[in-house]
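Here is what each chain is made of, one letter per residue.
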Amino acid sequence: MAAMRIDRFLAECGIGSRSEVKQLLKKGLVAVNGVIAEKPERKVDPVSDCVTVSGKRLCFEPYEYVMLYKPAGCVTAARDARQKAVMEYLGPENRADAVLEPEESCFHKTDLAPVGRLDLDTEGLLLLTNDGELAHRMLAPKSHVDKTYFAKVQGCVTEEDVRAFAEGLEIGEKYPTLPAELVILNGDTCSPKERYAVGSYNKTAGEGMTYCPPKERHVLGSPNIPAAYISEVKLTIQEGKFHQVKRMFESRGKKVLYLKRISMGGVELDRLLRPGQWRRLTEEEIGQLYVSCGLPRKG
Ligand code: URA
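Within each chain, residues carry numbers counting from 1 in the order of the written sequence. Per-residue local features of the predicted model are confined to residues with pLDDT of at least 70, and side-chain atom pairs are confined, for both listing and counting, to 80 or more; whole-chain, interface and lining totals are unaffected and use all residues. Excluding hydrogens and water, the side-chain values take into account all heavy atoms of the structure.

**Some details on the site of the ligand**
Stage number 1. Neighbouring the ligand are Leu118, Asp119, Thr122, Tyr149, His243, Gln244, Val245, Lys246 and Leu259.
Stage number 2. Thr122 is positioned with one of its side-chain polar atoms (N or O) 2.8 Å from an oxygen atom of the ligand.
Stage number 3. Any pair of nitrogen or oxygen atoms within 3.5 Å is treated as a polar contact; in protein, a donor-acceptor pairing is required on top of that, and neighbouring residues in sequence qualify only through side-chain atoms on both sides. The separation between a nitrogen atom of the ligand and a polar main-chain atom of Val245 is 3.1 Å.
Stage number 4. Contact with the protein chains removes 95% of the 230 Å² of surface that the ligand exposes when unbound.
Stage number 5. Comment: elements are numbered from the N terminus, with helices defined as DSSP H or I runs of at least four residues and strands as E runs of at least two. Here the shell around the ligand gets three residues from one element, more than from any other, and that element is helix α8 (residues 244-250).
Stage number 6. What counts as a domain boundary in this text is fixed by an automatic or database domain assignment. Built from parts of two domains, the shell around the ligand gets at least three residues from each of domain 2 (68-140 + 273-292) and domain 3 (147-264). Working definition: residue near molecule or strand if any one of its non-hydrogen atoms lies within 4 Å of it. Using the Shrake-Rupley algorithm and a 1.4 Å probe, accessible areas are obtained, with residue cover drawn only from the displayed protein chains.

**A few points about the confidence of the model for the chain**
Stage number 1. Taken over all residues, the pLDDT of the chain has a mean of 83, while the share at 70 or more is 79%.
Stage number 2. Model confidence for the chain, summarised as mean pLDDT per element, is weakest for helix α6 (residues 201-204) at 37 and strongest for strand β17 (residues 267-268) at 98.
Stage number 3. For the stretch residues 93-103, pLDDT sits under 50, and the model shows 25 contacts to residues farther than four places along the chain or on other chains. Scored from 0 to 100, pLDDT records how confident the predictor is in each individual residue. By definition in these notes, contact holds between two residues if any of their heavy atoms fall within 4.5 Å.

**Focus on the side chain of Lys147**
Stage number 1. Relative to the helices and strands, Lys147 resides in strand β13 (residues 147-154).
Stage number 2. Buried within the structure, Lys147 lacks any salt-bridge partner; its nearest side chain of opposite charge belongs to Asp146, at an N-O separation of 7.7 Å.
Stage number 3. Within the structure, the side chain of Lys147 is placed 3.3 Å from the backbone oxygen of Val145, a separation counted as a polar contact. Three exposure classes are used, based on accessible area relative to the maximum for each residue type with a 1.4 Å probe and protein chains only: buried under 20%, partly exposed in between, and exposed over 50%. Charge counting treats Lys and Arg as positive and Asp and Glu as negative, with His and both chain ends excluded. We define a salt bridge as a side-chain nitrogen of Lys or Arg found within 4 Å of a carboxyl oxygen belonging to Asp or Glu.

**Considerations on unusual backbone geometry**
Negative phi characterises most residues that are not glycine, and trans characterises most peptide bonds.
Stage number 1. Although it is not a glycine, Asn33 sits at a positive phi angle of roughly 50°.
Stage number 2. Along the polypeptide, Asn33 turns up in the loop between β2 (30-32) and β3 (35-36).
Stage number 3. Notably, Ser54 is not glycine yet its phi reads approximately 50°, a positive angle.
Stage number 4. Within the secondary structure layout, Ser54 lies in the loop between β5 (51-53) and β6 (56-61).
Stage number 5. Given the relative accessible area of 51%, Ser54 is considered exposed.

**Describing the pairing of strand β16 (residues 255-264)**
Every regular strand shows the same layout, with side chains that alternate between the two sheet faces.
Stage number 1. A pair of strands counts as paired when DSSP detects no fewer than two bridges linking them. Pairing geometry for strand β12 (residues 123-129) and β16, over two bridges, is parallel. Each residue of the ladder has a partner; that of Glu123, found in β16, is Lys260.
Stage number 2. As judged from the eight bridges shared by β13 and β16, these two strands associate in the antiparallel manner. Directly across from Thr148, in β16, lies its bridge partner Ser263.
Stage number 3. In this structure, the hairpin formed by β16 and β17 is closed by a connection of two residues, where Gly265 is found at a positive phi of approximately 55°.

**Quick look at helix α3 (residues 132-139)**
Stage number 1. Taken residue by residue, α3 has Leu134, Ala135 and Met138 as its buried positions. Buried residues of α3, viewed axially, fall in a sector of 100°; they line one side.
Stage number 2. Buried residues along α3 sit in contact with β7 (65-70), β12, β16 and α9 (283-292). Arc, as used here, means the arc of the directions from the helix axis to the C-beta atoms.

**A look at the side chain of Thr129**
Stage number 1. Along the polypeptide, Thr129 turns up in strand β12.
Stage number 2. Classification of Thr129 as buried rests on a relative accessible area of 5%.
Stage number 3. In this structure the side chain of Thr129 is engaged in a polar contact, spanning 2.8 Å, whose partner is the backbone oxygen of Glu64.
Stage number 4. A distance of 2.9 Å separates a polar atom in the side chain of Thr129 from the backbone nitrogen of Asp131.
Stage number 5. Look past the residues within four positions of Thr129 in its chain and what remains in contact with it is Glu64, Tyr65, Asp111, Leu112, Ala113, Val115 and Ala135.

**Re the nonpolar core**
Stage number 1. Note on terminology: a nonpolar core comprises buried Ala, Val, Leu, Ile, Met, Phe, Trp, Tyr and Cys residues joined through side-chain atoms within 4.5 Å. One finds Phe165, Leu182, Leu235, Val245, Met248 and Phe249 to be the most contacted residues of the largest nonpolar core, which totals 32 residues.
Stage number 2. Broken down by secondary-structure element, the contributors of at least two residues to this core are β7, β12, β13, α4 (159-167), β14 (181-184), β15 (230-237), α8 and β16.
Stage number 3. Among the domains, domain 2 (68-140 + 273-292) and domain 3 (147-264) are the pair contributing at least three residues each to this core.
Stage number 4. Ignoring sequence-local partners within four residues, the contact set of Leu235 consists of Lys147, Thr148, Tyr149, Phe165, Ala180, Glu181, Leu182, Val245, Met248 and Phe249.
Stage number 5. Listed in part, the 20 residues of the second largest apolar core include Val115, Leu125, Ile286 and Tyr290.

Structure representation (structure tokens):
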């Protein structure tokens, strides 16, 4: 990495504004390789030089890996004229933990980009990194990186659907989808009685059934699918085609009502994160992403 002025380096590390870091330099609080540095124009190499502020070392990390709990209603983009964009959740004010906390702090580049996309109304795990090689490899179709979603689907998802997803579906692409693992979470509880209870389901419906106006029932295609029933499923796919999950269910005559990504490349959405919150990935999680796409770990 090219050498840069120490006042710029410190400012980019978030230590303070250019004038604030000049004060720190003047006070003799900054050292480079153990020698006090007072001149703001002094050049440092962020990788090879050891820079300390009040005795605390700033370590340089060229790559950053983050998981964001993307909320529904925001676009996977840096900026958008009308909608909130995911990058707005990662503004510098939310990244204060990078600065001198705890003992060793890290200088992070700020060119993060999302690894793939989630639809406007999809929520859940969105990975972001400035490690272009990893992102590219994870998104490459031949890498077959697992992406797991939790979905609520209008109608009754059946064992027949599970088999069809495993075999591959025609969703209007050149080739059928790759085999996908579909797991029904609330059981195949659509008994024949329930299937035909559509007309009076709001009187007979059990848990898991919600009101569906008669007008909308025909949308589901087959008279065998109870419009009132909401299936909960977990689906793992190895591709990332446009609206893929929604199109897979559509090809079975079913509509996705709610979609949340819960894992990607073996890294799970942290249960402690709330929509809009993010955290850095652990070393173990970063390693897991490399393994998921068959890339040797850097360094
Ligand atoms: N599949 C979809 O249909 N939408 C997403 O956001 C992700 C996968």
